[in-house]
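# Secondary and tertiary structure notes
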Amino acid sequence: MAKNSDYFGLGRLVSIILAIIPVTAWILGALTRFKEGKIVAGIIRLIGLGFILWVVDIVLMILNGRILRLLNV
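These notes cover the structure that comes with them. Residue numbers here run from 1 along each chain, matching the order of that chain's written sequence. In view of the model being predicted, local features appear only for residues whose pLDDT reaches at least 70, and side-chain atom pairs are presented and counted only at 80 or more, with totals across whole chains, interfaces and linings using the full set of residues. The side-chain values count all of the structure's non-hydrogen atoms but skip hydrogen atoms and water molecules.

## Digging into the nonpolar core
Here, nonpolar core means buried Ala, Val, Leu, Ile, Met, Phe, Trp, Tyr and Cys residues that are tied together by side-chain atoms lying within 4.5 Å of each other. Three labels apply to residues, based on accessible area from a 1.4 Å probe with only protein chains included: buried if under 20% of the type maximum, exposed if over 50%, partly exposed otherwise in between. Core analysis: the biggest nonpolar cluster contains 10 residues, these being Tyr 7, Ile 16, Leu 18, Ala 19, Ala 25, Leu 28, Trp 54, Ile 58, Met 61 and Ile 67. Starting at the N terminus, helices and strands are each numbered in turn, a helix being any DSSP run of H or I of at least four residues and a strand any DSSP run of E of at least two. Elements that contribute at least two residues to this core include exactly helix H1 (12-20), helix H2 (22-35) and helix H4 (50-64). Leaving out residues up to four positions away in the same chain, Met 61 has contacts with Asp 6, Tyr 7, Arg 12, Ser 15, Ile 16, Ala 19, Arg 66 and Ile 67. Any pair of residues with heavy atoms lying within 4.5 Å of one another is described as a contacting pair.

See the structure below:
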């Protein structure tokens, strides 16, 4: 398992596949932020900018294996 990938340390290929599926990406993105203790960022991922963050997360997951950290609160 890759230490530097998001989505709970799953491998990079698995994380990319999960990022492509919209609902899965939104839920796992929010859960990842909640796990990091970033409550506001997790709520924004759930109710706020879902589609925009989804597209950006796909690109970033392919390029560097991490989701966007837009808000560190």
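Still to come is the rest of the account.
## Side note on a nonpolar patch on the surface
Like-charged residues within 9 Å of one another, or nonpolar side chains (Val, Leu, Ile, Met, Phe, Trp, Tyr) within 5 Å, are grouped into patches, provided each residue has over 30% relative accessible area and no salt bridge. Residue-level accessible areas treat just the shown protein chains as cover; the underlying method is Shrake-Rupley with a 1.4 Å probe. By definition, a salt bridge exists where a carboxyl oxygen of Asp or Glu is found within 4 Å of a side-chain nitrogen of Lys or Arg. Nonpolar side chains collect at one region of the surface, where Phe 8, Val 23, Trp 26, Ile 27, Leu 31, Phe 51, Ile 52, Val 55 and Val 56 lie side by side and expose about 790 Å² of accessible area between them. Elements that contribute at least two residues to the nonpolar patch include exactly H2 and H4. Looking at where Ile 52 falls in the secondary structure, it is placed in helix H4.

## Examining the side chain of Thr 32
Following the sequence through the fold, Thr 32 ends up in helix H2. For Thr 32, the residues in contact, after removing those within four places along its chain, are Asp 6, Tyr 7, Phe 8, Ile 67 and Arg 69.

## Focus on the environment of Ile 62
With respect to the secondary-structure elements, Ile 62 resides in helix H4. Residues in contact with Ile 62, not counting those within four places in the same chain, are Arg 12 and Ile 16.

## A word on the pattern of salt bridges
On inspection of all chains with the given rule, the structure shows 2 salt bridges. Of the charged contacts, one joins Glu 36 and Arg 33 as a salt bridge, the two residues approaching to 2.5 Å between their closest N and O atoms. A residue is classified by how much of its surface remains accessible, and Arg 33, at 1% relative accessible area, is buried. A salt bridge links Asp 57 to Arg 45, with the nearest nitrogen and oxygen atoms 2.6 Å apart. Here Asp 57 is found in helix H4, whereas its partner Arg 45 is found in helix H3 (residues 39-48), with 12 residues between them in sequence. With respect to burial, Asp 57 and Arg 45 carry one shared label: buried.

Any functional reading would require information that these geometric values do not contain.
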